[in-house]
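Topology and contacts: notes
If you want the building blocks of each chain, they are given just below.
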Amino acid sequence: MTGFGRSQGASVEVDWLWELRAVNGKGLDVRLRLPNGYERLEPQARKLCGEKLGRGNIQASLTLKSRSGTAVPIVNEAALQQVIDNITAIERKLPVQHSTGAQILGLRGVMELAEPTMSDEDRNTLDAAVLTGLSTALDTLNDHRGSEGTALSKILLGHLTSVEKLNALAEADPSRTADVMAEKLQEQMARLGETASSIDRDRLYQEVALLVTKADIREELDRLAAHTDAGRKLIKQGSPIGRKLEFLAQEFNRECNTLCSKSNAVSLTEIGLELKVVIDQFREQILNVE
């Protein structure tokens, strides 16, 4: 389910800003973008996201800006030495021009920006404030997703209502009666050159009984009705229900396929095809549910 969350604040002379974006996803995939030096917050940030979100692809970005002074550029000595060693090795093998100091310092990772020194106490205070801000941003994100979910629940309930109506039409379809099946069987026998009077009545009843058994969709209709009731209860229950609804959609589709395979009339097949369309629409919308 899509949504956006944002929170900002300040602590120990540092302004912080969280921006969260969510799109649909089968599971929960959290991608954090933290400033250099704040990787320590990642485990707690992921834990917070897992506690407040059930599914979705989440992008969470943290921006920090110090009020006490500008960042000071410093050289990463370890990275610099590794770069120099590699350049030296390359220049020994290939006739290339020597690298200048400016070119080396321009390489990523050699020159870094260091924030003003912060005490352990201030660092802990800032970490706590930033994580609290993340919790607030997640709540805002969930509020947005909740508003979308309210609208989505009406759409899903509408699909379930359509399934109920089509189920009722299949229930009342005249092709399901034994009399209609017997009449069809007599017509088929007549085409083979036999008259209705020459058909053994007991054999006719046996054939009709066999056709009725094969074409009986009572069980499929009952299951479709039960699945519809289960879907309404899940939607009323609220999230997280996305995975349960996905399973329910699979069951809907299975019963619909069986109904179509047992159909003995064009009218019943048409109802089954309309059911498949509604069920596919229901399944597509479920991808938006947490």
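This text follows the structure it describes.
What counts and what doesn't
- Residues numbered from 1 in each chain as written.
- Predicted model: local features only at pLDDT ≥ 70, side-chain atom pairs only at ≥ 80, totals over all residues.
- Heavy atoms only, no water.
- Pairing = 2+ DSSP bridges.
- Helix = DSSP H or I, 4+ residues; strand = E, 2+ residues; numbered from the N terminus.
- Axes fitted to C-alpha atoms, helices over the stretch in contact; angles between N-to-C directions.
- Contact = heavy atoms within 4.5 Å.
- Parallel < 35°, antiparallel > 145°, perpendicular 65-115°, else oblique.
- Left-handed = near helix turned anticlockwise from the far one by under 90°.
- Nonpolar A, V, L, I, M, F, W, Y, C, P; charged D, E, K, R; others polar.
- Patch = residues over 30% accessible without salt bridge, like charges linked within 9 Å, V, L, I, M, F, W, Y side chains within 5 Å.
- Areas by Shrake-Rupley, 256 points an atom, 1.4 Å probe, with all protein chains shown as cover.
- Salt bridge = Lys/Arg side-chain N within 4 Å of Asp/Glu carboxyl O.
- Buried < 20%, exposed > 50% of the residue type's maximum accessible area, 1.4 Å probe, protein only.
- Phe/Tyr/Trp six-rings, centres within 6.5 Å; stacked < 30°, edge-to-face > 60°.

1. Notes on the sheet that holds strand β2 (residues 14-23)
Taken in spatial order, the four strands line up as β1-β2-β4-β3 in an open sheet, and their pairing is mixed. The open sheet terminates on both sides in strands that have one partner only, identified here as β1 (3-11) and β3 (28-33). Neighbour-to-neighbour, the strand axes of this sheet turn through a mean angle of 15°, independent of strand direction. Packing against the sheet, helix α4 (residues 120-172) makes contact with β1, β2 and β4 (56-66), and its axis sits at approximately 155° to β1.

2. Focus on the packing of helix α7 (residues 218-237) against helix α8 (residues 242-262)
Viewed as axis vectors pointing N to C, α7 and α8 meet at an angle of 160°, and their least axial separation amounts to 10 Å. Our classification of the angle between α7 and α8 gives roughly antiparallel. Pair α7 / α8 crosses with left-handed handedness. Contacts between α7 and α8 involve E220, L221, R223, L224, H227, T228, A230, G231, L234 and Q237 from the first element and K244, L245, L248, E251, F252, E255, T258, L259 and K262 from the second. When grouped by side-chain class, the residues that make up the contact of α7 with α8 number eight nonpolar, five polar and six charged.

3. A short note on a nonpolar patch on the surface
Taken together, I90, L94 and V96 make up a surface patch of nonpolar side chains, about 260 Å² in accessible area. On the basis of relative accessibility, which here comes to 47%, the residue L94 falls in the partly exposed class.

4. Digging into the packing of α8 against helix α9 (residues 266-286)
It is the contact of α8 with α9, at a shortest axis distance of 9 Å, that shows an interaxial angle of 165°. Comparing the axis directions of α8 and α9 gives the class roughly antiparallel. Along this stretch, α8 crosses α9, giving a crossing that reads as left-handed. For the pair formed by α8 and α9, the contact residues are G242, L245, E246, A249, Q250, F252, N253, C256, N257, L259 and C260 on the first element and L268, G272, L273, L275, K276, I279, F282, R283 and I286 on the second.

5. Section: the packing of aromatic side chains
Remark: the centre distance and the inter-plane angle together describe each pair of aromatic rings, the angle taken between the planes. Going through the model one piece at a time under the given rule, you end up with one aromatic pair. Ring plane angle 80° and centroid distance 5.9 Å describe the contact between F252 and F282, whose orientation is recorded as edge-to-face. Of this pair, F252 sits in helix α8 while F282 sits in helix α9, placing them 30 residues apart in sequence. You'll find F252 and F282 in the same group, each marked buried.

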